[in-house]
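The primary structure of each chain is shown beneath.
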Amino acid sequence: MALYHYNLGTLFAERATTAGDKPALRYEAGSISYRRLADQVDQLSAMLLRHGHVRGEVIAIAHNKAALSYALMLAALRLGIAYVNIDTASPQARNGHIVKICAARTIFVDDEEHLSAMRALAASVGANAVLLSETDLEPLTEHDRLQQAAAMAQVDGACIAYIMFTSGSTGLPKGVAVTHQNLIHFIHWGIERFEISDEDNFANLSPMYFDNSVFDFYIALFSGASLTPIHRKLLNAPAALIAYIEGMACTIWFSVPSLLIYVIAMKALTVSSLSTIRYIVFGGEGYPKIELIKLYRMFKGRAKLVNVYGPTECTCICSAYDLSDDDFLELTGLPPLGRLNPNFDHLILDDDGLAADLGELCLIGPNVASGYFNDPDRSAASFITLTEPERFMKRMYRTGDLVRRDAGNLFFIGRKDNQIKHLGYRIELEEVEHGLAKLHGVIQAAVIYQRSGTAYGKLIGFVSASEALDEATLRRQLADHVPDYMVPSRIVVTDNLPKSANGKIDRQNLAALLMSM
């Protein structure tokens, strides 16, 4: 009789045993089998226990796609320890906030190039930095095995698996806490929806601190398929990127639309590219149909194109829509979000909080995360416990996404707030504004998102200043407070920002101000 898996540790152990010597991680230099990966998970689990880490704690991983970082994620899951992957290129102040919110006392580093910076980060928050190295892993003892088995048995489905940080309107990022139960449902859905077998090979294009990576890691390694890590340097070399994915014989591609638009514009992706790809999946931002049709024509008849949608707060993906010829009868707007995945419920609420066919999408179901880690106030504002009889005590997440329902399909039409999606990242414009306001000489700041054509958008910053300020200097200084993808491509310095009648900055007039300069 098959074992009922109530946590991710037992699920991966079964997958690894079944897969055995099949490749789990594929690198250019060679593959790491499931058997070898499971051995590393054993050794890293023992290391975590020896260091005194226990269920309910959080560890931070400076994850640059080395094999031991993937194994460490699995080891943490086995023991009920949550992990947070951090971006080594992000400003230290932002990473410091993330580590402090999680109360992580250890930052594990998989690349010696980043060890010095991570040690400085750890010192700034009272944590330790540890370099991951195979030479430091000790042979497993029988006591280790018994201790790990006992620890794994205590991990229930409500335990936090990982914390994924997104931009915050208060100027500080917020950490979404996703549970084992959330992910077990997600894994089973993903395997069935994309017809995954142990012959599949996922191109792990997204960085591990980015929500899209959840699909790659969990669907691949918890199904017996393989995962091909793609280093960030390749993302800036489109021809080499496509050649690498072709050479590694990847079958599943999942990325933000921006990357696909980029490799097509650079003529790196052509009708003869990616001969082994079965599915091209994209999400995280809208894909304008005028651009999407170029991809569709290349792959029609040889790969399925799927538009997916889902906030970080609902475990990566909540809907998946297969593209067909009918979607390109007209080329304006975005493709449908489609219908929500099985085992989901939802409400669309209008401005009066009443059910409607146009309004804010509110998601209900087993993928809804526990909340924002160590942030009860923001959790209470977005994660609601319903009390009406038909949904009694169900958890609901208010996405802030405005949608309309037409013939059963959902269509994205905008946002309720100042959140935008740029290069696939959710960005609260207020977080960029908070960063600008910290700079010397800046009195007030505002940011808008300006679309140039249908495919590309850019952040434009506006500051009123008490003295002459240099735009290049402002952009350089801002990079100390926000990640690179949040730094505006232009910052306009002016004496005063336009105000509305109630004295607030008038965002609608900022674009007009830009045009007049």
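For the structure itself, consult the block above.
Residues numbered from 1 in each chain as written. Predicted model: local features only at pLDDT ≥ 70, side-chain atom pairs only at ≥ 80, totals over all residues. Heavy atoms only, no water.

**Here we look at the overall build of the protein**
Spelled out, the test is: Only DSSP runs of H or I with at least four residues qualify as helices, and only runs of E with at least two residues qualify as strands; both kinds are numbered from the N terminus onward. Computation of the radius of gyration draws on C-alpha atoms, with the globule rule given as 2.2 Å multiplied by the number of residues to the power 0.38. Each residue is placed in one exposure class: buried if its accessible area under a 1.4 Å probe, protein chains only, is under 20% of its type's maximum, exposed if it is over 50%, and partly exposed if it falls in between. Residue contacts follow a heavy-atom distance rule, with two residues in contact if any of their heavy atoms lie within 4.5 Å. For the purpose of charge, His is not counted, nor are the chain termini; Lys and Arg are scored as positive and Asp and Glu as negative. For this purpose, a charge sits on NZ of Lys, CZ of Arg, CG of Asp or CD of Glu.
A count of helical and extended segments in the protein gives 15 helices and 25 strands. A compact globule built from 517 residues would reach a C-alpha radius of gyration of about 24 Å, and the protein, at 23 Å, matches this within 12%. C-alpha atoms of the protein, sized along the principal axes, occupy 70 × 55 × 55 Å. Burial status across the protein gives 58% buried among its 517 residues. A separation threshold of at least 6 residues defines the contact pool for the protein, and within that pool the share at least 24 residues apart is 67%. Positive and negative charge centroids in the protein, built from 47 and 57 side chains respectively, lie 2 Å apart.

**Remarks on the packing of aromatic side chains**
We count it as follows: Any two of the Phe, Tyr and Trp rings considered here, Trp counted by its six-membered ring, make a pair once their centres fall within 6.5 Å; the pair's planes then place it as stacked at under 30 degrees, edge-to-face at over 60, or tilted in between. In this analysis the charged atom, NZ for Lys or CZ for Arg, is taken to sit over a ring once it is within 6 Å of the ring centre and within 35 degrees of the ring normal.
For the structure on display, the rule yields 20 aromatic pairs. When the ring of F12 is compared with that of Y34, the centres are 6.3 Å apart and the planes differ by 35 degrees; the resulting orientation is tilted. Separated by 22 residues along the polypeptide, F12 in helix α1 (residues 8–19) and Y34 in helix α2 (residues 34–50) bring together distant segments of the chain. Judged by relative accessible area, which is 0%, Y34 ranks as buried. Cluster of aromatic residues (ring-pair linked, three or more members): F12, Y34, Y70, Y83, Y162, F217, Y218 and F222. Here the basic side chain of R193 rests over the ring of F194, its NZ or CZ set 5.3 Å away from the ring centre. For R404, the ring lying beneath its charged end belongs to F411, and the centroid distance is 4.4 Å.

**Some details on the state of the cysteines**
What counts here: Disulfide: a pair of cysteine sulfur atoms within 2.5 Å of each other.
Considering all chains together, one arrives at 0 disulfides under this definition. Looking at C362, it has no disulfide partner, and the nearest cysteine sulfur is the one in C314, 10 Å off.

**A closer look at the nonpolar core**
Spelled out, the test is: To define a nonpolar core, start from buried Ala, Val, Leu, Ile, Met, Phe, Trp, Tyr and Cys residues and group those joined through side-chain atoms within 4.5 Å. Each domain's extent was defined by an automatic or database domain assignment.
Judged by nonpolar contacts, the single largest core of 84 residues is most densely connected at L8, F194, F215, F217, Y218 and F222. It is helix α3 (residues 67–79) that provides the largest number of residues to this core, a total of 11 residues. Per-domain counts for this core show at least three residues from each of domain 1 (27–155) and domain 2 (343–415). Not counting residues up to four positions away in its chain, the partners in contact with F215 are F186, F194, F202, A220, I252, F254, C316 and I317. Ranked by size, the runner-up nonpolar core spans 58 residues in total, among them I293, Y321, Y485 and V487.

**Structural notes on the environment of M396**
Take M396: it is sitting in strand β19 (residues 395–406). Separated by 17 residues in sequence, M396 and I413 have C-alpha atoms that sit 21 Å apart. Sequence-distant contacts of M396, that is, excluding residues within four places in its chain, are made with L347, C362, L363, I364, S382, F383, I384 and L386.

**Considerations on the packing of α1 against α2**
Cut-off, in case you're wondering: Axis geometry follows a simple rule: fit a line to the C-alpha atoms, using only the stretch in contact for helices, then measure angles between N-to-C directions, giving values from 0 to 180 degrees.
Relative to each other, α1 and α2 sit at 145 degrees, their axes nearing to 8 Å. Residues F12, A16 and A19 of α1 form the contact with α2, whose participating residues are Y34, L37, A38 and V41.

**Details of the pattern of salt bridges**
Our working rule: Whenever Lys or Arg places a side-chain nitrogen within 4 Å of a carboxyl oxygen from Asp or Glu, that contact is recorded as a salt bridge.
Here the structure, examined in full by the defined rule, presents 28 salt bridges. R415 is the salt-bridge partner of D401, the closest N and O atoms lying 2.7 Å from each other. Pair noted here: D401 is in strand β19 and R415 is in strand β20 (residues 409–415), with a separation of 14 residues, a long-range link. Judged on exposure class, the residue D401 and its partner R415 are both buried. What you see here is one network of salt bridges that share partners, running through D345, E390, R391 and K394.

**Quick word on helix α9 (residues 238–247)**
Spacing of three or four residues puts side chains on the same side of an α-helix, whose turn is 3.6 residues. Cut-off, in case you're wondering: When we speak of the arc, we mean the arc of directions from the helix axis to the C-beta atoms.
Regarding α9, the residues found buried are P238, L241, I242, Y244 and I245. In a view along the axis of α9, the buried residues occupy a sector of 160 degrees, so they form one face of it. Facing away from the buried surface of α9 by more than 90 degrees, the exposed residues are A239 and G247. Of the surrounding secondary structure, the elements contacted by the buried residues of α9 are β1 (23–27), β9 (201–204), β10 (226–229), β11 (252–255) and α10 (257–265). Where α9 ends, the next residue or the one after it, A249, has phi of about 55 degrees, a positive value.

**Re helix α11 (residues 289–299)**
Of all 11 residues making up α11, 8 are buried, and the element is well covered by its neighbours. Regarding α11, the residues found buried are K289, E291, L292, I293, L295, Y296, M298 and F299. Where the residues of α11 are buried, they touch α10, β12 (279–282) and β13 (304–309). Backbone geometry just after α11 places G301 at a positive phi near 90 degrees.

**Points about the pairing of strand β3 (residues 58–62)**
So the rule is basically this: Between any two strands, at least two bridges found by DSSP are needed for them to pair. Seen with its strands pointing away from the viewer, a crossover is right-handed if its path from the first strand over the helix to the second goes clockwise.
The element β3 is largely enclosed, with a buried count of 5 among its 5 residues. Here β3 shows a buried face lined by V58, A60 and A62 and a second buried face lined by I59 and I61. Both β3 and strand β4 (residues 82–86) contribute to a ladder of 5 bridges, which runs parallel. Each residue of the ladder has a partner; that of V58, found in β4, is A82. Taking the sense of rotation as the criterion, the β-α-β connection linking β3, α3 and β4 turns out right-handed. In this sheet, strand β5 (residues 106–109) lies alongside β3 in parallel orientation, the contact comprising 3 bridges.

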